[in-house]
Amino acid sequence: MNIILLGYPGAGKGTEAENLKKQGYYHVSTGDLIRAEIKKESPLGKQVKDLISKGNLVPDALITEILLSAIKGKENILFDGFPRTLAQAQTLTKYLQDAGQKVKVILLKASEEVVLRRLTSRRLCKDCGHIENIYWPSYTGKCSKCGGELYTRADDTLESAKHRLDVFRKETEPLLEYYSKEEGYITVDASRSAEEVSLTVKRALEV
Ligand SMILES: [Zn+2]
(Lines give C-alpha, C1' and ligand atoms only; values in the text may rest on other atoms or scores of the structure.)
Protein backbone atom coordinates (compact mmCIF):
# COMPACT_ATOMS: atom_id res chain seq x y z
CA MET A 1 0.00 0.00 0.00
CA ASN A 2 1.26 3.44 -0.95
CA ILE A 3 0.33 6.65 0.84
CA ILE A 4 -0.05 10.20 -0.36
CA LEU A 5 0.19 12.47 2.65
CA LEU A 6 -1.44 15.86 2.34
CA GLY A 7 -1.67 18.29 5.21
CA TYR A 8 -2.73 21.80 6.00
CA PRO A 9 0.17 23.99 7.15
CA GLY A 10 0.53 23.41 10.88
CA ALA A 11 -1.42 20.14 10.75
CA GLY A 12 1.63 18.06 11.73
CA LYS A 13 2.47 16.49 8.38
CA GLY A 14 6.18 16.34 9.21
CA THR A 15 5.55 14.47 12.46
CA GLU A 16 3.20 12.02 10.77
CA ALA A 17 5.65 11.44 7.91
CA GLU A 18 8.32 10.55 10.52
CA ASN A 19 5.94 8.05 12.14
CA LEU A 20 5.10 6.37 8.86
CA LYS A 21 8.80 6.17 7.97
CA LYS A 22 9.40 4.33 11.23
CA GLN A 23 6.63 1.92 10.27
CA GLY A 24 8.66 1.01 7.19
CA TYR A 25 7.19 3.19 4.46
CA TYR A 26 9.62 4.33 1.80
CA HIS A 27 9.60 8.12 2.17
CA VAL A 28 9.81 10.13 -1.02
CA SER A 29 9.96 13.90 -0.75
CA THR A 30 10.27 15.88 -3.96
CA GLY A 31 12.22 18.56 -2.11
CA ASP A 32 14.80 15.98 -0.96
CA LEU A 33 14.98 14.37 -4.42
CA ILE A 34 15.62 17.70 -6.13
CA ARG A 35 18.31 18.65 -3.59
CA ALA A 36 19.95 15.24 -4.12
CA GLU A 37 19.97 15.64 -7.93
CA ILE A 38 21.55 19.09 -7.61
CA LYS A 39 24.18 17.74 -5.22
CA LYS A 40 25.00 14.83 -7.56
CA GLU A 41 25.34 17.32 -10.43
CA SER A 42 23.38 14.93 -12.66
CA PRO A 43 22.09 16.27 -16.00
CA LEU A 44 18.65 16.66 -14.39
CA GLY A 45 20.20 18.32 -11.36
CA LYS A 46 22.06 20.82 -13.51
CA GLN A 47 18.88 21.63 -15.41
CA VAL A 48 16.98 22.22 -12.17
CA LYS A 49 19.78 24.29 -10.63
CA ASP A 50 19.88 26.46 -13.73
CA LEU A 51 16.12 27.06 -13.58
CA ILE A 52 16.16 27.89 -9.88
CA SER A 53 19.16 30.19 -10.15
CA LYS A 54 17.30 32.19 -12.80
CA GLY A 55 14.34 32.47 -10.45
CA ASN A 56 12.15 30.08 -12.44
CA LEU A 57 9.90 27.38 -11.03
CA VAL A 58 10.81 23.79 -11.77
CA PRO A 59 8.23 22.64 -14.34
CA ASP A 60 5.68 19.97 -13.49
CA ALA A 61 6.97 17.50 -16.04
CA LEU A 62 10.53 17.68 -14.70
CA ILE A 63 9.46 17.13 -11.10
CA THR A 64 7.33 14.19 -12.23
CA GLU A 65 10.26 12.72 -14.16
CA ILE A 66 12.56 12.95 -11.12
CA LEU A 67 9.91 11.40 -8.90
CA LEU A 68 8.98 8.53 -11.19
CA SER A 69 12.59 7.51 -11.67
CA ALA A 70 13.05 7.50 -7.87
CA ILE A 71 10.09 5.18 -7.20
CA LYS A 72 10.68 2.69 -9.99
CA GLY A 73 10.35 -0.84 -8.59
CA LYS A 74 9.53 0.44 -5.10
CA GLU A 75 6.44 -0.38 -3.02
CA ASN A 76 4.93 0.97 0.19
CA ILE A 77 5.87 4.47 -0.82
CA LEU A 78 5.01 7.49 1.27
CA PHE A 79 4.59 10.49 -1.04
CA ASP A 80 5.38 13.74 0.73
CA GLY A 81 4.96 16.98 -1.20
CA PHE A 82 3.83 15.13 -4.31
CA PRO A 83 1.54 15.40 -6.18
CA ARG A 84 1.13 19.14 -6.01
CA THR A 85 -0.88 19.69 -9.16
CA LEU A 86 -3.72 17.91 -10.89
CA ALA A 87 -1.45 16.92 -13.78
CA GLN A 88 1.02 15.32 -11.35
CA ALA A 89 -1.84 13.47 -9.63
CA GLN A 90 -3.15 12.10 -12.90
CA THR A 91 0.30 10.94 -13.99
CA LEU A 92 0.84 9.24 -10.64
CA THR A 93 -2.55 7.50 -10.77
CA LYS A 94 -1.71 6.11 -14.18
CA TYR A 95 1.77 5.00 -13.08
CA LEU A 96 0.40 3.19 -10.01
CA GLN A 97 -2.39 1.56 -12.00
CA ASP A 98 0.10 0.31 -14.59
CA ALA A 99 2.29 -1.02 -11.77
CA GLY A 100 -0.76 -2.74 -10.21
CA GLN A 101 -0.32 -0.77 -6.98
CA LYS A 102 -2.88 0.78 -4.67
CA VAL A 103 -2.74 4.09 -2.88
CA LYS A 104 -4.45 5.73 0.05
CA VAL A 105 -4.67 9.50 0.20
CA ILE A 106 -4.59 10.93 3.70
CA LEU A 107 -5.49 14.54 4.31
CA LEU A 108 -4.53 15.95 7.70
CA LYS A 109 -7.10 18.65 8.22
CA ALA A 110 -7.37 21.15 11.03
CA SER A 111 -9.64 24.13 11.54
CA GLU A 112 -8.38 27.58 10.60
CA GLU A 113 -8.36 28.55 14.26
CA VAL A 114 -6.10 25.62 15.22
CA VAL A 115 -3.80 26.07 12.23
CA LEU A 116 -3.29 29.77 12.88
CA ARG A 117 -2.72 29.19 16.58
CA ARG A 118 -0.08 26.54 15.84
CA LEU A 119 1.65 28.54 13.14
CA THR A 120 1.95 31.68 15.23
CA SER A 121 2.98 30.13 18.55
CA ARG A 122 6.66 29.54 17.82
CA ARG A 123 9.33 31.76 19.36
CA LEU A 124 13.06 31.68 18.69
CA CYS A 125 15.94 32.70 20.90
CA LYS A 126 17.87 35.70 19.59
CA ASP A 127 21.10 34.39 21.07
CA CYS A 128 21.17 30.63 20.51
CA GLY A 129 18.30 29.95 18.05
CA HIS A 130 16.54 27.56 20.44
CA ILE A 131 12.83 27.07 19.61
CA GLU A 132 10.15 27.66 22.24
CA ASN A 133 6.37 27.59 21.97
CA ILE A 134 4.03 29.88 23.88
CA TYR A 135 1.64 26.95 24.52
CA TRP A 136 4.25 24.71 26.13
CA PRO A 137 3.71 24.43 29.90
CA SER A 138 7.43 25.19 30.34
CA TYR A 139 7.19 28.51 28.46
CA THR A 140 8.44 31.47 30.50
CA GLY A 141 8.93 34.12 27.82
CA LYS A 142 12.73 33.68 27.96
CA CYS A 143 14.96 31.07 26.33
CA SER A 144 14.99 27.92 28.48
CA LYS A 145 18.54 27.09 27.32
CA CYS A 146 20.38 30.39 27.76
CA GLY A 147 17.88 32.87 29.17
CA GLY A 148 18.08 34.94 25.97
CA GLU A 149 15.34 37.13 24.54
CA LEU A 150 12.78 35.47 22.23
CA TYR A 151 11.37 36.73 18.95
CA THR A 152 8.73 35.72 16.38
CA ARG A 153 10.11 34.73 13.00
CA ALA A 154 8.70 36.69 10.04
CA ASP A 155 7.20 33.43 8.68
CA ASP A 156 5.31 32.85 11.91
CA THR A 157 3.29 36.07 12.04
CA LEU A 158 -0.51 35.94 11.72
CA GLU A 159 -0.43 37.65 8.34
CA SER A 160 2.12 35.21 6.97
CA ALA A 161 0.27 32.21 8.47
CA LYS A 162 -2.97 33.33 6.81
CA HIS A 163 -1.13 33.67 3.52
CA ARG A 164 0.32 30.14 3.79
CA LEU A 165 -3.14 28.78 4.47
CA ASP A 166 -4.58 30.62 1.45
CA VAL A 167 -1.81 29.34 -0.81
CA PHE A 168 -2.34 25.78 0.44
CA ARG A 169 -6.08 25.93 -0.16
CA LYS A 170 -5.71 27.33 -3.66
CA GLU A 171 -3.01 24.84 -4.58
CA THR A 172 -4.61 21.78 -3.02
CA GLU A 173 -8.30 22.30 -3.74
CA PRO A 174 -8.18 20.73 -7.25
CA LEU A 175 -6.25 17.75 -5.84
CA LEU A 176 -8.76 17.20 -3.06
CA GLU A 177 -11.59 17.36 -5.52
CA TYR A 178 -9.83 14.83 -7.72
CA TYR A 179 -8.99 12.39 -4.92
CA SER A 180 -12.36 12.70 -3.17
CA LYS A 181 -13.84 10.83 -6.13
CA GLU A 182 -11.21 8.09 -5.93
CA GLU A 183 -11.11 5.07 -3.66
CA GLY A 184 -9.01 5.26 -0.51
CA TYR A 185 -9.41 8.95 0.29
CA ILE A 186 -9.28 9.61 4.02
CA THR A 187 -9.63 12.85 5.97
CA VAL A 188 -8.11 12.86 9.44
CA ASP A 189 -8.95 15.50 12.03
CA ALA A 190 -5.53 16.92 12.86
CA SER A 191 -6.81 19.33 15.52
CA ARG A 192 -6.18 16.59 18.06
CA SER A 193 -2.85 15.55 19.59
CA ALA A 194 -0.10 14.03 17.44
CA GLU A 195 -0.59 10.66 19.20
CA GLU A 196 -4.30 10.59 18.40
CA VAL A 197 -3.66 11.59 14.80
CA SER A 198 -1.07 8.81 14.40
CA LEU A 199 -3.42 6.22 15.83
CA THR A 200 -6.23 7.28 13.48
CA VAL A 201 -3.89 7.12 10.48
CA LYS A 202 -2.62 3.70 11.53
CA ARG A 203 -6.14 2.32 11.86
CA ALA A 204 -7.21 3.80 8.52
CA LEU A 205 -4.28 2.06 6.82
CA GLU A 206 -5.18 -1.30 8.32
CA VAL A 207 -8.66 -1.31 6.78
ZN1 LIG B 1 18.90 30.84 23.90
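About the thresholds
Residues numbered from 1 in each chain as written. Predicted model: local features only at pLDDT ≥ 70, side-chain atom pairs only at ≥ 80, totals over all residues. Pairing = 2+ DSSP bridges. Helix = DSSP H or I, 4+ residues; strand = E, 2+ residues; numbered from the N terminus. Core = buried A, V, L, I, M, F, W, Y, C linked by C-beta atoms within 7 Å. Buried ≥ 20, exposed ≤ 12 C-beta atoms within 10 Å, placed from the backbone. Contact = placed C-beta atoms within 7 Å. Axes fitted to C-alpha atoms, helices over the stretch in contact; angles between N-to-C directions.

(A) Here's a closer look at the sheet that holds strand E6 (residues 131-133). If you trace the three strands from one edge of the open sheet to the other, you get E6-E5-E7, paired in antiparallel fashion. Because the sheet does not close on itself, it has two edges, and the strands there are E6 and strand E7 (150-151). For strand E5 (residues 122-125) and E7, the ladder comprises two bridges, and the chain directions are antiparallel. Residue pairing in the sheet places Cys125 in a bridge with Leu150 of E7.

(B) Just the nonpolar core, in detail. Counting 33 residues, the largest nonpolar core has Ile3, Leu5, Leu78, Phe79, Ile106, Leu108 and Val188 as its most contacted members. Ignoring anything within four residues of it in the chain, the contact list for Ile3 reads Leu20, Tyr25, Leu78, Phe79, Val103, Lys104 and Ile106.

(C) Quick peek at the sheet that holds strand E4 (residues 103-109). Strand order in this open sheet of five strands is E2-E3-E1-E4-E8, and the pairing throughout is parallel. One side of each edge strand has no neighbouring strand; the edge strands of this open sheet are strand E2 (26-29) and strand E8 (185-189). Each adjacent strand pair in this sheet contributes to an overall mean axis angle of 25°, direction not counted. Sheet topology note: the strand E1 (residues 2-7)/E4 ladder contains six bridges and is parallel. Looking at the pairing, Leu5 lines up with Ile106 of E4.

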